[in-house]
Amino acid sequence: MTKEQFVLELQRIGAIKFGSFTLKSGLTSPFYFDLRDIISFPYILEGIADLLVEKIKDMEFDVLTGIPYTALPIASLVASKMQKPLIYMRKEEKAYGTGNNVIGKFKKGAKCLVIDDLITTGASKIETAEAYERKGVVIKDFVVVIDRSSNGKEDLAKQGYKLHSLINLNEIMELLQNRNLISEEKVNEVRNFTASISKPKKVKEEITNLLTLKLISKIKEKKSNLVLSLDVTTQKEFFEILDETGSEIVMLKTHVDILDDYDENFVPKLQEYAKRQNFLIFEDRKFADIGNTVKHQYRNGVYKISDWAEFVTVHMVAGDGILKGLFDGMENRSSFVLARMSSKGNLINETYSRKCFEIARKNPNVVSGFIGHGKDVEDIKRFKAKFPVGMLLLTPGVKLERGSDAMGQQYITVEDAICGGADCIIVGRGIIKAKDRKKEAKIYRERAWKEYQERI
Ligand code: S5P
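Okay, so let's go over this structure. Owing to the predicted nature of the structure, the values given are computational and were not obtained by experimental measurement.

1. A closer look at the sheet that holds strand β4 (residues 86-89)
Strand pairs in the sheet, formed through backbone hydrogen bonds, run parallel or antiparallel to each other.
Part 1 of the reasoning: Taken in spatial order, the six strands make up an open sheet running β5-β4-β3-β6-β7-β8, and their pairing is mixed. Looking at which strands have only one partner, the edges of the open sheet turn out to be β5 (102-103) and β8 (162-168).
Part 2 of the reasoning: Sheet analysis places strand β6 (residues 111-119) next to strand β7 (residues 138-147), joined by eight bridges and oriented parallel. Counted as the bridge partner of L118 is I146 from β7.
Part 3 of the reasoning: Of the strands in this sheet, β7 and β8 are in contact with helix α1 (residues 3-12), which crosses β8 at around 75°.
Part 4 of the reasoning: Strand contacts of helix α2 (residues 42-56): β3 (63-66), β6, β7 and β8, with the helix running at about 140° to β8, the strand carrying the most contacts.

Given below as structure tokens:
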């Protein structure tokens, strides 16, 4: 199969489409390439494999891999044709907390050539390479079927990787235009689109959520990124700890339903403290039901959370209806979405986190950001890099030293969290179980603030 035949076949089976498509990044693209279905057209799969073999036959590598799912059957066929061993990494296990498992046999230090169907920005290629490198596999080269990127080759080169491609976007457009398979107008539209994304515009961080703005300004005013998680079961202890620590914190996180002696005096007293000690109130209720149920859980019942908590937490598992149920008709209320958890073995994966970002991006007035954790600074940085503009990261599972508890809680340090991108740290037992809680709260605040100043 020639390159020209290959492009015409892709166009024929609908793997190259023109129209209006929303990309993962949120951008609207006038074209979309989707090679997933080529496995149903053996002669196209075979043709692509032959073209790839031709491209890589003189390159040096010990093993081959394809990035799941689309590129895996392609790489498998190429490996078979070249009699090279194949390895791959399970897509699901790329999620935080589970570790990356490589399937197939390889020696530490093996040179691996990575095949993928497309390149758009190069970011996911770098993530893949880093994941393999952590397992002792050496990656230098990537081969993609279609290079639809603007600067993918340059971006990968900056990180020390070489990109090879069978064909790029311009060549595809030229080929289709020469055969009158695409209008002049469409060609221009595609050119304008690629030109516009190749010059990254500085996105103005315009935050419209008033509560997000309030939290940011209080962080600056109190020079504190410390959210205290006051998980105790009596009001006496609750207010004693608050007396000692209130001046150090920017926000107080409650689990109101763990109080044994909750009564009608609790909320007015809490509000009085919040005013006097100048902190915001955040009830960590973790709503997770259908809109109609959470509506009542938020407004009614014993606690009437919507009356007093400026922020609440939301599990997005039930879909965006939860935000309607909670916030329709509400003013001056916002939420943090659990996009990653700190507990060992939690079921959240990358796809789930990404979906949380998508929903939040569409609801900036009721979502202020995310609760999120990570195994180290780099991991948190990668997570934060995917946030919608202007959204904040609050990180729980934080202590002065790394560690864990007996029930699966995992702790990173104050510095790990803030350097990785946390805007606030959520600290519970690190402070409330300390001998001198006042002193400990001060240490947490100062260490977080120092790191935050260095980061920004
Ligand atoms: O993933 C999470 C999300 C939250 S909100 N992991 C967490 O630990 N939390 C909450 O943060 C948890 O419910 C608790 O209130 C606090 C952490 O408490 P610590 O005593 O372990 O610091």
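2. Focus: the layout of surface pockets
Part 1 of the reasoning: By volume, the second largest pocket is sized at about 530 Å³.
Part 2 of the reasoning: As for the second largest pocket, its lining consists of 25 residues, and the residues nearest its centre are D231, S342, P396, Q409 and R429.
Part 3 of the reasoning: Of all elements in the fold, only β11 (280-287), β19 (424-427) and α16 (429-432) reach the threshold of two or more residues within the lining of the second largest pocket.
Part 4 of the reasoning: In terms of residue class, the lining of the second largest pocket is built from 10 nonpolar, nine polar and six charged.

3. Let's talk about the nonpolar core
Part 1 of the reasoning: Ranked by internal contacts, the top residues of the largest apolar core, which has 80 residues, are L242, M251, L270 and I425.
Part 2 of the reasoning: Residues within four places of I425 in sequence aside, it is in contact with N225, L226, V227, T395, V398, V414, A417, I418, Y444 and A448.
Part 3 of the reasoning: M59, L113, I167 and L175 belong to the second-largest nonpolar core, a separate cluster that totals 43 residues.

4. Some remarks on the environment of G421
Part 1 of the reasoning: Assignment of secondary structure puts G421 in the loop between α15 (414-420) and β19.
Part 2 of the reasoning: For the pair G421 and Q271, spaced 150 residues apart in the sequence, the C-alpha separation amounts to 30 Å.
Part 3 of the reasoning: Among residues more than four places away in sequence, those in contact with G421 are I380, K384, L393 and R455.

5. Thoughts on the site of the ligand
Part 1 of the reasoning: Around the ligand there are 17 residues in total, and D231, K253, S342, Y411 and R429 lie nearest to it.
Part 2 of the reasoning: Residue K253 places a side-chain N or O atom 2.7 Å away from an oxygen atom belonging to the ligand.
Part 3 of the reasoning: For the ligand, an oxygen atom lies 2.8 Å from a polar atom in the side chain of Q409.
Part 4 of the reasoning: Protein contacts shield 91% of the accessible area of the ligand, which totals 490 Å² for the unbound molecule.
Part 5 of the reasoning: Judged by the fraction of its atoms near the pocket grid, the ligand is located in the second largest pocket.
Part 6 of the reasoning: Those elements that provide at least two residues to the shell around the ligand are β11 and β19.
Part 7 of the reasoning: Split by residue class, the shell around the ligand holds seven nonpolar, five polar and five charged.

Rules used throughout
- Residues numbered from 1 in each chain as written.
- Predicted model: local features only at pLDDT ≥ 70, side-chain atom pairs only at ≥ 80, totals over all residues.
- Heavy atoms only, no water.
- Pairing = 2+ DSSP bridges.
- Helix = DSSP H or I, 4+ residues; strand = E, 2+ residues; numbered from the N terminus.
- Contact = heavy atoms within 4.5 Å.
- Axes fitted to C-alpha atoms, helices over the stretch in contact; angles between N-to-C directions.
- 1 Å grid on protein atoms, 1.4 Å probe; cavity = no way out; pocket = protein on both sides within 12 Å on 5 of 7 lines; lining within 4 Å.
- Points joined across faces, edges and corners; volume = space filled by probe spheres on them.
- Nonpolar A, V, L, I, M, F, W, Y, C, P; charged D, E, K, R; others polar.
- Core = buried A, V, L, I, M, F, W, Y, C linked by side-chain atoms within 4.5 Å.
- Buried < 20%, exposed > 50% of the residue type's maximum accessible area, 1.4 Å probe, protein only.
- Near = heavy atom within 4 Å.
- Polar contact = N/O pair within 3.5 Å; in protein donor to acceptor, adjacent residues only side chain to side chain.
- Areas by Shrake-Rupley, 256 points an atom, 1.4 Å probe, with all protein chains shown as cover.
- Sits in = over half its atoms within 2 Å of the grid points.

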